[in-house]
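One-letter residues, chain by chain:
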Amino acid sequence: MNSETCKVSVTSLAKSFDKQQVLRDVNLQVQTGEVIVILGPSGSGKTTLLRSLNFLEQPDSGEIQVCGHRIKVNRGKAPSRDDKLEITRLRQKTAMVFQSFNLFPHMTALENVIEGLVSVRRIPKVQAAERGKALLSQVGLLEKADSYPAKLSGGQKQRVAIARGLAMDPEVIFFDEPTSALDPELRDEVLIVMRDLASAGMTMIVVTHELRFAREVADRVIFMEGGIVVANEKPEVFFSEISNPRIQKFLCRY
Ligand SMILES: Nc1ncnc2c1ncn2[C@@H]1O[C@H](COP(=O)(O)OP(=O)(O)OP(=O)(O)O)[C@@H](O)[C@H]1O
Ligand SMILES: [Mg+2]
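Quick caveat, the model's predicted, so the values are computed rather than measured. (Residues numbered from 1 in each chain as written. Chains lettered and ligands numbered in written order. Predicted model: local features only at pLDDT ≥ 70, side-chain atom pairs only at ≥ 80, totals over all residues. Heavy atoms only, no water.)

Undergrad: I tried to follow the packing of helix 3 (residues 109-119) against helix 5 (residues 154-167) on my own but got confused; where do I start?
TA: The geometry of a pair of packed helices is captured by two quantities: the angle between their axes and the separation between those axes. Where helix 3 contacts helix 5, the axes come no closer than 8 Å and their chain directions differ by 25°. With respect to helix 5, the axis of helix 3 lies roughly parallel. Of the two elements, helix 3 crosses helix 5, and the hand of that crossing is right-handed. Counting all contacts with helix 3, which are made through Ala109, Asn112, Val113 and Leu117, the residues of helix 5 involved are Val160, Ala163, Arg164 and Ala167. (Axes fitted to C-alpha atoms, helices over the stretch in contact; angles between N-to-C directions. Helix = DSSP H or I, 4+ residues; strand = E, 2+ residues; numbered from the N terminus. Parallel < 35°, antiparallel > 145°, perpendicular 65-115°, else oblique. Left-handed = near helix turned anticlockwise from the far one by under 90°. Contact = heavy atoms within 4.5 Å.)

Below, the structure written as structure tokens:
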């Protein structure tokens, strides 16, 4: 993990799809090493926010700053060359872990992990494989290095996906419901890897419904609804003192 500071700052972020305004006015500050859990009902804009943070989704307006790379977005104005450069640099500092793993089916676990190192970073294959094996070992999967995704459980696939993200040496990782596609008995193995990363000081923004993880690992819990941040609290405050009836109703479902 790099020691360089990497804050995430989101200011007045807005995003619409056609006529539907999905993000209205999102403001969020994340300090280096913080773990933020984002909760909220379906359709509240959680995925859109995460995808906007590394410009997988182009926001309409607002400002995003990640690890010192700042992009101010103006509705209707195409990103300038400088903006595009900043977006590329910002992406190099971030990794994204999706609900659906997104592994290449024709590559082994190890090949999936080192793909970016070899094809993007141009690191020699032998050297990349060494790093890949260390990462597979970190997520407890060294013995599966030569297995193809079809031969891995969902939990194992997600751990490979996390190792793949780590291979690019990110300073912040965005997780979008990393355990939602998994059977309950496979979730813990992924959550343990995430807990280890949090303990090691990784900056993490995690959309999840795992309330225990939120309670035990998060530094702050964000509740989104209707495209804005409705609550932003330390977990002990969020879970015990929250007075918003919508949040209480949401929490009752779990
Ligand atoms: N590419 C898209 N095109 C059009 N509408 C979209 C697109 N992506 C998301 N939306 C809409 O934006 C709204 C917010 O979606 P988003 O995926 O961000 O919600 P979410 O909070 O992640 O929900 P969930 O908990 O179900 O994953 C939804 O109404 C969705 O239909
Ligand atoms: Mg989502």
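Undergrad: Would you take a moment to explain helix 2 (residues 81-92) for this structure?
TA: An α-helical turn contains 3.6 residues, so any two residues separated by three or four positions project in the same direction. For helix 2, built from 12 residues, the straight-helix expectation of 16 Å at 1.5 Å per residue is met to within 8% by its first-to-last C-alpha distance of 17 Å. Those residues of helix 2 that fall on the buried side of the exposure criterion are Asp83, Glu86, Ile87 and Leu90. One face of helix 2 carries all of its buried residues, which in axial projection span an arc of 105°. Tucked into the core, helix 2 has its buried residues touching helix 1 (46-53), strand 4 (61-66), strand 5 (69-73) and strand 6 (94-97). (Expected span 1.5 Å × (residues − 1). Buried < 20%, exposed > 50% of the residue type's maximum accessible area, 1.4 Å probe, protein only. Arc of directions from axis to C-beta.)

Undergrad: In this structure, what is going on with the sheet that holds strand 3 (residues 35-39)? I would like to understand it.
TA: Paired through their backbone hydrogen bonds, the strands of a sheet run either parallel or antiparallel. Taken together, the 6 strands give an open sheet; going across it, the order is 6-7-8-3-9-10, and neighbouring strands pair in mixed fashion. Edge positions in the sheet fall to strand 6 and strand 10 (228-233), since each of these pairs with one other strand and no more. On average, each strand axis in the sheet is inclined to that of its neighbour by 20°, with strand direction left out of account. Here strand 7 (residues 172-176) pairs with strand 8 (residues 203-207) via 5 bridges, running parallel. Of the residues in strand 8, the one forming a bridge with Val172 is Thr203. (Pairing = 2+ DSSP bridges.)

Undergrad: Mind showing me how you'd approach the pairing of strand 5 here?
TA: Here strand 5 shows one buried face, formed by His69, Ile71 and Val73, and one open face, formed by Arg70 and Lys72. The pairing of strand 4 with strand 5 spans 5 bridges and is antiparallel. Residue pairing in the sheet places Gln65 in a bridge with Arg70 of strand 5. Counting the residues in the hairpin turn of strand 4 and strand 5 gives 2 residues, including Cys67, whose phi is positive at 50°.

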